[in-house]
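Residue-level structure breakdown
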Amino acid sequence: MIDRGADGALEAGLKRCPLRELGASGVLIRVAFSSLNYKDALAARGAAGIVKRFPHVPGIDAAGLLVDDRESPPVLVTGYGLGTEIWGGYGDYVRVPPEWVHPIPAGLTMREAMILGTAGLTAALSVDALLQAGVDPARGEILVTGATGGVGSLAVMLLARLGFTVAAQTRKPAQEAYLRALGAATIVAPAPDDQTTSGKALSKARFAGAIDTVGGAVLAGVLKEIGYGGAVATCGMAAGSRFEGSVFPFILRGVKLLGIDSVQCPRSVRETLWARLATTWKLTDLAGIAQVIDRQGLGAAITEMLAGERTGRTLVALDPEEARPAP
Ligand SMILES: NC(=O)c1ccc[n+]([C@@H]2O[C@H](COP(=O)([O-])OP(=O)(O)OC[C@H]3O[C@@H](n4cnc5c(N)ncnc54)[C@H](OP(=O)(O)O)[C@@H]3O)[C@@H](O)[C@H]2O)c1
């Protein structure tokens, strides 16, 4: 739980609260797993615009069981207002509007659903957007930026699973083996900022498309490197929310810039993509990208995430026993 102290400073810690603090309306879920997303890290630091009121429990993802319907399959909630407008998945329970609740498809466990979580849905939305824009594996290599992050890792895996040739852009050259194991064919270092924000309006066309999780000057650079008729799915802002560019990628190469939102994305789209993630797009080695922590581990993981130092996905097990490494 995070709260503002009397001096306005942010305090974070574990607190026991009565269930009635979740309110009376909505579906009560006993949470088994949550995850750590970049937005959770920002929320946990009290970032303006994310947390609506204090005290607050972060956690934009949750998977668990319906308290009042023991026959129901396990369920998941990602985004909407979970962990932002209302208390989120780092509590033992969440109470949410029924329309936010999705049954976890039979092909996924609760653990797998939360290793995917918002990051998996966002990667799936991004891949789907590229496919709908006509970018298929025959068109050429696809760049993924912030490739060692949660969305980045899952985007690399999904693209490779679907037969794309993937170039992974990372600031962590030591993670080359990790990225190749996910399916990346090429490892790319980010260009220095002064090369991406200034100079020529277009660069050599290197990629058929891109999934950009980083934003800022990186996105500006990526747009210059997309070939004729290509597309960029943009979902992130880890390196900044503003970027400078020109219209030339759009009017000379017909490049499309595709906005990705996992928070308010329609229920029917989510259902389609979760069903795919459990079947035709199923990633079999999800455990390999997950670090499992309990709530005690959140503080350190959040600090690392905001410094861009974590790799892969962080699964948060509400039961500390589930966070212990297998014997
Ligand atoms: N639109 C949506 O619906 C949606 C949904 C989920 C996430 N997002 C956004 O997507 C981004 C990635 O989210 P995530 O949960 O995957 O976060 P994450 O696991 O922390 O990954 C972010 C990655 O971005 C790279 N990066 C580059 N510059 C950075 C910088 N200055 N500071 C920190 N990281 C930097 C790092 O990868 P390398 O070291 O490999 O370069 C880092 O691992 C975030 O901006 C998040 O807000 C948007």
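All values derive from a computational prediction rather than experimental measurement. (Residues numbered from 1 in each chain as written. Predicted model: local features only at pLDDT ≥ 70, side-chain atom pairs only at ≥ 80, totals over all residues.)

A closer look at the overall build of the protein
From N to C terminus, the protein includes 9 helices and 15 strands. In terms of overall size, the protein behaves like a compact globule, its C-alpha atoms giving a radius of gyration of 20 Å where 327 residues would be expected to give roughly 20 Å. Dimensions of the protein, computed from C-alpha atoms along their principal axes, come out at roughly 60 × 50 × 40 Å. Counting the 327 residues in the protein, one finds 45% classified as buried. Contacts in the protein between residues at least 24 apart in sequence constitute 69% of all its contacts with a sequence separation of at least 6. (Helix = DSSP H or I, 4+ residues; strand = E, 2+ residues; numbered from the N terminus. Rg over C-alpha atoms; globule rule 2.2 N^0.38 Å. Buried ≥ 20, exposed ≤ 12 C-beta atoms within 10 Å, placed from the backbone. Contact = placed C-beta atoms within 7 Å.)

A look at the site of the ligand
Taken together, 30 residues lie near the ligand, and Gly146, Gly149, Thr170, Gly236 and Gly308 sit nearest. Mapped by element, the contributors of at least two residues to the shell around the ligand are helix H1 (38–44), helix H2 (110–132) and helix H3 (150–161). Tallied by class, the residues present in the shell around the ligand amount to 12 nonpolar, 13 polar and 5 charged. Shared between two domains, the shell around the ligand holds at least three residues of each, these being domain 1 (2–104 + 285–323) and domain 2 (119–259). (Near = placed C-beta within 6 Å. Nonpolar A, V, L, I, M, F, W, Y, C, P; charged D, E, K, R; others polar. Domains from an automatic or database assignment.)

A look at H3
The terminal C-alpha atoms of H3 lie 17 Å apart, and with 12 residues this matches the ideal 16 Å at 1.5 Å per residue to within 8%. Counted residue by residue, H3 has 10 buried out of 12 residues, so it is predominantly covered. Among the residues of H3, those classed as buried are Gly150, Val151, Gly152, Ser153, Leu154, Ala155, Val156, Met157, Leu158 and Leu159. Tucked into the core, H3 has its buried residues touching H2, strand S8 (142–144), strand S9 (166–169), helix H4 (176–182), strand S11 (207–212) and strand S15 (313–317). Positive phi shows up at glycine 163, right after H3, with a value of about 95°. (Expected span 1.5 Å × (residues − 1).)

Comments concerning the nonpolar core
Within the largest apolar cluster, 96 residues are counted, with the highest numbers of intra-cluster contacts made by Ile142, Val144, Ala155 and Val156. Here this core gets 13 residues from one element, more than from any other, and that element is H2. Leaving out residues up to four positions away in the same chain, valine 156 has contacts with Val144, Ala147, Val166, Ala168, Leu179, Leu182, Gly183 and Ala184. (Core = buried A, V, L, I, M, F, W, Y, C linked by C-beta atoms within 7 Å.)

Considerations on helix H9 (residues 298–306)
Listed as buried for H9 are Leu298, Ile302 and Met305. Buried residues along H9 cover an arc of 65° about the axis, so they all sit on one side. Residues of H9 that are exposed and angled more than 90 degrees away from the buried face: Gly299 and Ala300. Those residues of H9 hidden inside the fold are in contact with strand S3 (27–36), H1, strand S14 (290–293) and S15. (Arc of directions from axis to C-beta.)

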